[in-house]
Structures are given as C-alpha cells and as structure tokens.
Amino acid sequence: MFVLKFGGTSVGSAKQIKAVANLINNNNRNIVVLSAMAGTTNSLVEIAGYLYKKNHDSANEAIINLEQKYYEVIDELFNSETYKEKGSELIKSHFNYIKSFTQDMFTLFEEKAILAQGELLSTALMHYYLKEQKINSVLIPALNFMRTDKDGEPDLFYIQENIKREVENFPDNKIFITQGFICRNSFGEIDNLKRGGSDYTASLVGAGIKSDEIQIWTDIDGMHNNDPRYVDNTKPLASLSFDEAAELAYFGAKILHPASIQPAKVANIPVRLKNTMQPEADGTLVSSISTGMGIKAIAAKDNITAIKIKSGRMLLAHGFMRKVFEIFETYQTSIDMITTSEVAVSVTIDDTKYLNDIVDELKKYGTVEVDSDLSIICVVGDFIAESKGYALKIFSALKDVSIRMISYGGSKHNVSLLVNTSDKKEALVSLNKNLFENV
Ligand code: ADP
Ligand code: ASP
Ligand code: MG
C-alpha cells in the first residue's frame, strides 16, 4: 500500500484535480491525503480573524468571494449536469456552515471547525470527480482516525488502529481519499496539525498502516539544496537520510512540515518527494540510507528570539544549567540552539507565548537580554568525518554578515548559525555561492 499526499497547489484548480486523479489511478492500493485547494486555508484564517473581531461585513465578503471561486471550479471540473448539481450542493452546505458562525460567539473551537472546511471540500470534490469518471474510490474521514492526545501530540496507537479499520472495511478498494491537516483533539473536538500539517498526516497514516512508501507530491521537484524562495540556482537532491531531511524540515525547508519525517523514520518507511507538475522528474528519496559526504543543503527558520543569561558567579556551578532548562520546561517552550561561555549562556526559542514569564524567572539567576527578529541558518549534510575546511567555507561565505550564535558539533548533520533576519537572504545567497557554485 502507498500513501500519496498532494499539497494545495497540486489540487489548486479543476485542471490540477484532474491531473491528480490521473496520478492516483495506478496499479497500487493508494491512500490519498489531500490538502485544501491553494489559498483556501489562508482565506479561512482571514475569515476567522474577522469573526474574532466581530467584523461581520468583512467576514461575509471574504466568505462570498471564496465560495464564488468554488462555483467556478465545479463548473470546469464536472462534465455532467448531475455532478455540477452535486458539486453545487456540496459547496452550498459547507459555506452555509461557515456562514452560520457569523451570527454567534466566536472561539477557538469555531475557528478550528472553519479551518477544517478546506480539506473537507477538496477531498469531497476529488471523490465526486472520480465518481463521475467511473473510477472507484472511498472517502475515509480523517476525523474518524486522526487524533491528538492530551499533550497535543498525535495519538499513534489510536491512529494506527482506526486507519487500519477504515481501510479493512473496503478490502476490494484501491483508492482511499482522506483529508490532510485536520484531526480531533483528546476531547473529540475538531482540531488540526498546524499549518502545512497535511505532510504530517501522510507520514502518520503511512506509519500507521506500514505503507511501502509515503509520497509527498508538491509544486517542486524534490528537496532543493537551498531555499528557492530566496536563492536562484538551487538544485534538487536525489537522496537524503531521515535525519538530514528532518533537520531541513525543522529548520525551515517549507516543502516538509517540521514534524513530518519522525513517524516515517520510526517506522522506517521511505518518503519520496515528487513534483505534481512534472511527475517524470526523479524527486528526492528520504530513507535510512545516507549517501555522500559533505554539505548537502541549507535552510533557514525565521521568527527566532535569542535569550542571553549572564551570571559570572553562578554560570558554571553545578546545577545552573538544569535550573535554566527547567524554566523553559515549565513553560513548555523548546530550545533550538544553545551556546555557552564562561560568563553567559544563550539560547534561542521560536515560541514566544511565555517569553515574559520565562524572562522574569531567569532574572533570578542573572541579567537577561532578549533579541528578536533573528533567523537560524541551518547547514545540513554528513560532514564531521571530513570536516576539514567546511567551517572555513561557511565562515568565509558569511564574512559580511554578523553572526550572533554558532552551533557546531551537536550532531554530525548540522551546523546552525544565528543571524539577523534582515541578513538572511544575503547569507543564504552567499553560502550557496561558496558551498555549491564555486566547487
Ligand atoms: P504544498 O502546498 O504542496 O504542501 P508547500 O508550499 O508547503 O507545498 O511546499 C513547497 C514549497 O516549499 C516550494 O514551492 C518551495 O518554494 C518551498 N521550499 C522551501 N525550501 C525548500 C527546499 N529546500 N526545497 C524545496 N522546496 C522548498
Ligand atoms: N491546508 C493546510 C495549510 O494550508 C494544510 C496543508 O496544506 O498542509 O496549512
Ligand atoms: Mg506544505
């Protein structure tokens, strides 16, 4: 069995939905995980924002605009009047549901329910399209099997048991369609796996049913060696190890949700990144095998905050680090980078929800400085064994960029550098030239 996930652009128009229908109708048994059509989740977030502010006029306008786009899609997607009518009813019912929230109180619960409509719509449209084409498929609702536990983490056992049951109900079926991104929380309420979460759904489903492969189909031909949104001349990588791909995803390579490699790695299921617009391109294979030495790729993660705790007297005393880390643990805030000196320790975080509380508590142990608008540049590869010269190449590329922190040696796959976000593009471009173009 295979799991094939198609992102927003891959199902972003009637033409694309037809192209995807073609790709999933092959000789394999496929579980197809779909994102919302491109732009829909952003629009739903915008609508929810208006509803929070009780700006019902703007909410209604945005809802009507989005609804209109869907009527245009079904007109192009379906051939027969019967299916145009079915599609129309479907859209009406989802948008009436969204409109029902413009009357009432609006909370996080309603927001999550609204955000879920994008994936519910795209999967239902795909299912209807396949039906019209007389291609047999089953729609399996993600809300029946995708669930998070009381810590907000995917409940792997529940997911595994329930996805298996959903699939076993249809032993003769080859195509199963389900929603990415959406899930239920431990109270059974509608929730989601955070933005970009459809990749995570695919990986959790793949691990749950022990699929042969997890395929992430998107709008680019695999993981590139640098961020194509900021750098020209980036190139796709033929293969990566799970650890390398996980580092790149965590540190900003948007092609993969930050957590999406972990379930595949634990279950040892290869992840193939493919381009829907160019299906014949090789893409990238992520597996347990690491091929080639040296620096492979660069990614960058924004919205980083650095916290420096200076305490000449206490820093290197026993237990000081434990006390510092306990504060971050209490506030469930994870640390990305750490550097120490004789008199100070600096850490970075990306979640600033409890920043003020954390700083107040840290002040018990020394002076505290906070810096924001920073980015972590993450250089990934397999290079410690042959590390001679790599550090020099990295630093000479960054000779005109002020570097705030460096983390080297934490793993043999990663060198992380903290820079001002305003210098990020220059840093990425310059690293690209020094590491990949002038070799
Ligand atoms: P989808 O909607 O299919 O999930 P995303 O927009 O989430 O697609 O991810 C694909 C995008 O990720 C690409 O279009 C590209 O701009 C961006 N991206 C960022 N870093 C990388 C990288 N290292 N390799 C490939 N794509 C990347
Ligand atoms: N539709 C969701 C988003 O835009 C999930 C996804 O595309 O992966 O974030
Ligand atoms: Mg994505």
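Thresholds applied
Residues numbered from 1 in each chain as written. Chains lettered and ligands numbered in written order. Predicted model: local features only at pLDDT ≥ 70, side-chain atom pairs only at ≥ 80, totals over all residues. Heavy atoms only, no water. Helix = DSSP H or I, 4+ residues; strand = E, 2+ residues; numbered from the N terminus. Rg over C-alpha atoms; globule rule 2.2 N^0.38 Å. Buried < 20%, exposed > 50% of the residue type's maximum accessible area, 1.4 Å probe, protein only. Contact = heavy atoms within 4.5 Å. Areas by Shrake-Rupley, 256 points an atom, 1.4 Å probe, with all protein chains shown as cover. Lys, Arg positive; Asp, Glu negative; His and termini not counted. Charge placed at Lys NZ, Arg CZ, Asp CG, Glu CD. Polar contact = N/O pair within 3.5 Å; in protein donor to acceptor, adjacent residues only side chain to side chain. Core = buried A, V, L, I, M, F, W, Y, C linked by side-chain atoms within 4.5 Å. Near = heavy atom within 4 Å. Nonpolar A, V, L, I, M, F, W, Y, C, P; charged D, E, K, R; others polar. Axes fitted to C-alpha atoms, helices over the stretch in contact; angles between N-to-C directions. Parallel < 35°, antiparallel > 145°, perpendicular 65-115°, else oblique. Left-handed = near helix turned anticlockwise from the far one by under 90°. Pairing = 2+ DSSP bridges. Salt bridge = Lys/Arg side-chain N within 4 Å of Asp/Glu carboxyl O.

Undergrad: Report on the overall build of the protein, specifying residues and quantitative values.
TA: When helices and strands are counted, the protein shows 14 helices and 16 strands. In terms of C-alpha radius of gyration, the protein reaches 24 Å, essentially the compact-globule figure of 22 Å for 439 residues. Classification of the 439 residues of the protein by burial places 53% in the buried group. In the protein, of all internal contacts separated by at least 6 residues, the share reaching a separation of at least 24 is 75%. When the accessible surface of the protein is split by element, carbon and sulfur atoms take 49% of a total near 20,200 Å². If you average the places of the 47 positive and of the 56 negative side-chain charges in the protein, the two averages end up 2 Å apart.

Undergrad: Pulling in residues and values, what's your account of the side chain of T234?
TA: With respect to the helices, strands and loops of the structure, T234 is situated in the loop between β7 (213-218) and β8 (239-241). Owing to a relative accessible area of 15%, T234 belongs among the buried residues under this scheme. Separated by 2.8 Å, the side chains of T234 and H224 make a polar contact.

Undergrad: Which residues make up the nonpolar core, and what values go with them?
TA: Within the largest apolar cluster, 101 residues are counted, with the highest numbers of intra-cluster contacts made by F6, I24, M126, M146, M223 and V271. Here this core gets eight residues from one element, more than from any other, and that element is helix α3 (residues 56-77). Leave out the neighbours within four places in its chain, and M223 touches K235, P236, L237, L240, L248, A253, I255, L256, L273 and T284. Residues I298, I377, L398 and L435 belong to the second largest nonpolar core, which totals 20 residues.

Undergrad: So, the site of ligand 1: which residues are in play, and what are the values?
TA: The immediate surroundings of ligand 1 are formed by 16 residues, with K5, T218, D219, H224 and K254 found nearest. Note that an oxygen atom of ligand 1 is positioned 2.8 Å from one of the side-chain N or O atoms of D219. One of the backbone nitrogen or oxygen atoms of I255 is found 3.4 Å away from an oxygen atom of ligand 1. Its residues assigned to classes, the shell around ligand 1 shows five nonpolar, six polar and five charged.

Undergrad: Could you give an account of unusual backbone geometry, naming the residues involved and the relevant values?
TA: A positive phi is found at N303, a non-glycine position, where the angle reads about 60°. Residue placement: N303 occurs in strand β11 (residues 294-310). On the basis of relative accessible area, N303 is assigned to the exposed category, the value being 61%. Phi at D373 is positive, roughly 55°, even though this residue is not glycine. On the basis of relative accessibility, which here comes to 60%, the residue D373 falls in the exposed class.

Undergrad: Describe the packing of helix α11 (residues 320-330) against helix α12 (residues 355-362), and please don't skip the residues or the numbers.
TA: The geometry of α11 relative to α12 is characterised by a closest axis approach of 10 Å and an angle of 155° between their N-to-C directions. The orientation of α11 relative to α12 falls into the category roughly antiparallel. Both α11 and α12 take part in a crossing whose hand is right-handed. Where α11 approaches α12, its residues V324, I327 and F328 are matched on the opposing element by I358, E361 and L362. Along the lines of polarity and charge, the residues of the contact of α11 with α12 split into five nonpolar, no polar and one charged.

Undergrad: Go over the sheet that holds strand β16 (residues 414-420) with me, naming the residues and quoting the values.
TA: Working definition: the strands of a sheet are paired by backbone hydrogen bonds and lie parallel or antiparallel to each other. The sheet built from six strands is open, its strands ordered β12-β13-β11-β14-β16-β15 with antiparallel pairing. Strands at the two margins of the open sheet, each flanked by one partner only, are β12 (335-340) and β15 (403-411). The sheet shows a mean angle of 30° between the axes of neighbouring strands, direction not considered. Judged from the six bridges that link them, β11 and strand β13 (residues 344-349) form a sheet pairing that is antiparallel. Residue pairing in the sheet places I309 in a bridge with V345 of β13. Contacting β11, β12, β14 (367-382), β15 and β16, helix α9 (residues 242-250) runs over the sheet at an angle of about 145° to β14.

Undergrad: Hey, could you go over the side chain of E166 for me, with residue numbers and the actual values?
TA: Relative to the assigned elements, E166 resides in helix α7 (residues 156-168). Salt bridges are absent for the buried E166, whose nearest opposite-charge side chain, R165, sits at 4.1 Å. A distance of 3.2 Å separates a polar atom in the side chain of E166 from a polar atom in the side chain of N144. When neighbours within four sequence positions are excluded, E166 is seen to be in contact with I140, P141, N144 and F145.

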